[in-house]
Amino acid sequence: MASAFHFRHILSLLLLLPLITYSTSTDEKVKTFIFRIDEESKPAIFPSHTNWYASSFTSSSKILHIYDTVFHGFSASLTKSEADSISRNNPSSVLAVFEDQRRELHTTRSPQFIGLRNQHGLWAESDYGSDIIIGVFDTGIWPERRSFSDLNLSPVPSRWKGVCQSGVQFTSNSCNRKIIGARFFANGHEAGFGGTGGPGYVNASVEFRSPRDADGHGTHTASTAAGRYAFKASMSGYASGIAKGVAPKARIAVYKVCWKNSGCYDSDILAAFDSAVNDGVDVISISIGGGDGVSSPYYLDPIAIGSYGAVSKGVFVSSSAGNDGPTGMSVTNVAPWITSVGAGTIDRNFPADVLLGNGKKLNGVSLYAGKPLDGKMYPLVYPGKSGLLSASLCMENSLDPALIRGKIVVCDRGSNARVAKGLVVRKAGGVGMILANGVSNGEGLVGDAHIIPACAVGSDEGDLVKAYIASSKLATATIVFRGTVIGIKPAPIVASFSGRGPSGLTPEILKPDLIAPGVNILAAWTDAVGPTGLESDTRKSEFNILSGTSMAAPHVSGAAALLKSAHPTWTPSMIRSAMMTSARNNDNRFQPVTDESTGKSSTPFDFGSGHLNLDLAMDPGLVYDIANADYVNFLCSIGYDPKTIQVITKAVANCATTRKSQPGNLNYPSISAIFSSSGKGVTTKSFIRTVTNVGAVNSVYRPKIESPRGVTISVKPTKLVFTESVKKLSFAVFVSMDSHNMVMDDSGGLYGYLSWVDGKHVVRSPIVVSQINPL
């Protein structure tokens, strides 16, 4: 997998009531169920919803969480028959009930790479971001790190209502003017799989029942978004320099919802959304979600539901797009109110050379910092020659020490953690490892802090190594580690693991929205585990280097904090629009951004609108705003009935009285035009968009259109004139497809662009044209 924190668990199809009836079951195992309640149906006799739930639905001892901000309802430990009984006996109050599910995490030069410059723009000598609070939903935080110093920070914003929750090795003194709040959510986790003492309980030998981070992922993402300046930072000498987050002065609020080796439970995630919005956060950063390109309907996805509740109250939500690329439709967290972030490379790398005995040199990547091989050649072996898959993957107890001892071992990537393969090799007596990508990984490489001399190589070069071993009885090799190299070209490149579009749920909304740095990112780390995360790794490191869309999302979270600070009246959709329409599609060679998995030019299915460019996002000229009513119209347009919509929005929708709309007419900064593959001749689709002028009061914009072959794109009107009294204007986009003159590319789409230009701003939107087979 592309990240140590790459998750494999998918949110299974949940049960919606009263539309779906439970089947009879004799299984009386206690589980956690989440109940979505119509809060308006509370009888007046009860002073609070909490009293109502405990009196009319179930006993207070069984209730785990009460939700009353972004979501109304409760979660409880019940048998299935008890859950059935509650919904059956309260049909007018229970809108939906679904079983708790476990999710897992998606798992510094990068701020400069997204357009920030010292003493300029959003990093000027000012307090940009100091009034903004970023809520980080993750594994907690290691508060003693320099990245979380509150030196010279102003007092905590007076509107903050959160707390610093005490627990194991975490007290109220663990918070400061930087980490202004911290909570942990364990009720759902502890109730999972049988309750306290069962597989779901908090294991005190590896975890802290507190906001303290035993995993490292949460410390890393928090410092990526908002870490303070930390001089002389590095990971064992790699990526040395000044570590800093995107919004160094923003405040951090910690919401620990994920637990080491145990994942993250929906009931706890919903509770965190509820608390964070009530506490007063401005931005939520969540690198958690489903995978394999399978998305649950929005009304059955607690992250989508919690995010809607947050966005509807003005809170920006940034989430990782998943690590299951480069397969198409692998993007996750696709709700249109969530900003979905894919991963790209930056212009820094950690090269390592594999020198073969036949004189060939192969290019790899490594973060190994131990004793080098000093150019000595060692025998080279590939255990996969035996035909055993477990041996080729260097799985636990799969290697024969008689074959491995004293040699460099080639291990195939997959199944177990990349760094764990090195531990297996070391136990068998090997002196080094070459980690070879498979075809599905292509040439995409990420650095790892290996515990033995080791490096990763791409699929093609892995095949060269194996061919050399097969052709020689005396194959030898050594590995040379070259440290940190800056100025790598081309960059950015779309990471091969980054989740790709189109959305499998609503392809009319282009996802991901954009990409941000997510490969080999240096940020703060926990003292609880070594940089590999392996139990046997006893090294301590103040910083670590990780890859994944988990690392990309907090870049956008920090960017949102800066933009919100600079433009306090902007809504979450306006902030996202500014990022998307100013994103860049060219690399540092001024060539189109390439796809790491193919080496070819990438497409909007890979990068959405492009790579985050904060320097331009500060002054986007025009933005596409989306109101709560627009999202309700969107949900009506995809066929959701009023009660289903109420599960998401809390408000009763009347789709019959809303204007007739199509999903593609949501006022999004991108356009996805989907045509039937059975169409003949020229077919036209139209889209309505409205832009808000946030630039000079008197501005005139004209369109610049880039149409792909076989497609004609036109706009009416052909001029947008803004004045002091005219701040919003609408326009129509017409996309015409000629089936006789159109050939889709390998990705299944054609790609054009519409840009509104006023001489200073270029407000650019991708237009994706694709076909589907009619039912």
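Small disclaimer: the values here were computed from a predicted structure and weren't measured.

**Q** Which residues make up the sheet that holds strand β35 (residues 711–716), and what values do they have?
**A** Strands sit in the order β31-β33-β37-β35 across an open sheet of four strands; the sheet is antiparallel. Among the strands making up the open sheet, the edge pair consists of β31 (622–623) and β35. Bridging between strand β33 (residues 682–693) and strand β37 (residues 728–738) involves 11 bridges; their strand directions are antiparallel. Its bridge partner being in β37, Val691 is matched across the sheet by Leu729.

**Q** Give me the lowdown on the side chain of Ser319, citing residues and values where you can.
**A** Position of Ser319 among the secondary structure elements: in strand β15 (residues 316–320). A distance of 3.0 Å separates a polar atom in the side chain of Ser319 from the backbone oxygen of Ile286. Apart from residues lying up to four places away in sequence, Ser319 is in contact with Ile286, Ile288, Asn333, Ile338, Thr339, Ser340, Val341 and Ala553.

**Q** So what's going on with the nonpolar core? Which residues, and what values?
**A** In this structure, Ile284, Tyr298 and Trp337 are the most contacted members of the largest nonpolar core, which totals 61 residues. Only β4 (94–99), β6 (133–138), β10 (251–256), α6 (266–279), β13 (283–286), α7 (302–311), α16 (628–637) and α17 (642–649) provide two or more residues apiece to this core. At seven residues, α6 tops the list of elements feeding residues into this core. Counting 46 residues, the second-largest nonpolar core is a separate cluster that includes Ile134, Phe497, Ile575 and Ala617.

**Q** If you had to explain the packing of aromatic side chains to someone new, which residues and values would you point to?
**A** Summed over the entire model, instances satisfying the criterion amount to 24 aromatic pairs. Judged by centre distance (6.4 Å) and plane angle (85 degrees), the ring pair of Phe184 and Trp259 falls under edge-to-face. On the criterion of sequence distance, the pair formed by Phe184 in strand β7 (residues 179–184) and Trp259 in strand β11 (residues 258–259) is long-range, its members being 75 residues apart. The pair formed by Phe184 and Trp259 is uniform in burial state, with each residue classed as buried. Cluster of aromatic residues (ring-pair linked, three or more members): Tyr298, Tyr299, Tyr308, Trp337, Tyr631, Phe634 and Tyr640.

**Q** How would you explain the environment of Met742 if you had to name every residue and give the values?
**A** Mapped onto the elements, Met742 comes out in the loop between β37 and β38 (749–757). Not counting chain neighbours up to four residues away, the residues in contact with Met742 comprise Arg709, Gly710, Val711, Met737, Leu750, Val769 and Gln771.

**Q** Let's hear about the state of the cysteines: which residues, and what values?
**A** For the structure on display, the rule yields four disulfides. Between the sulfur atoms of Cys258 and its disulfide partner Cys264 the distance amounts to 2.1 Å. The S-S bond linking Cys258 to Cys264 shows a torsion near 105 degrees; that makes this disulfide right-handed. Disulfide partner of Cys394: Cys411, at an S-S distance of 2.0 Å. The chirality of the disulfide connecting Cys394 with Cys411 is left-handed, given an S-S dihedral of about -85 degrees.

Quick notes on the rules
Residues numbered from 1 in each chain as written. Predicted model: local features only at pLDDT ≥ 70, side-chain atom pairs only at ≥ 80, totals over all residues. Heavy atoms only, no water. Pairing = 2+ DSSP bridges. Helix = DSSP H or I, 4+ residues; strand = E, 2+ residues; numbered from the N terminus. Polar contact = N/O pair within 3.5 Å; in protein donor to acceptor, adjacent residues only side chain to side chain. Contact = heavy atoms within 4.5 Å. Core = buried A, V, L, I, M, F, W, Y, C linked by side-chain atoms within 4.5 Å. Buried < 20%, exposed > 50% of the residue type's maximum accessible area, 1.4 Å probe, protein only. Phe/Tyr/Trp six-rings, centres within 6.5 Å; stacked < 30°, edge-to-face > 60°. Disulfide = S-S within 2.5 Å.

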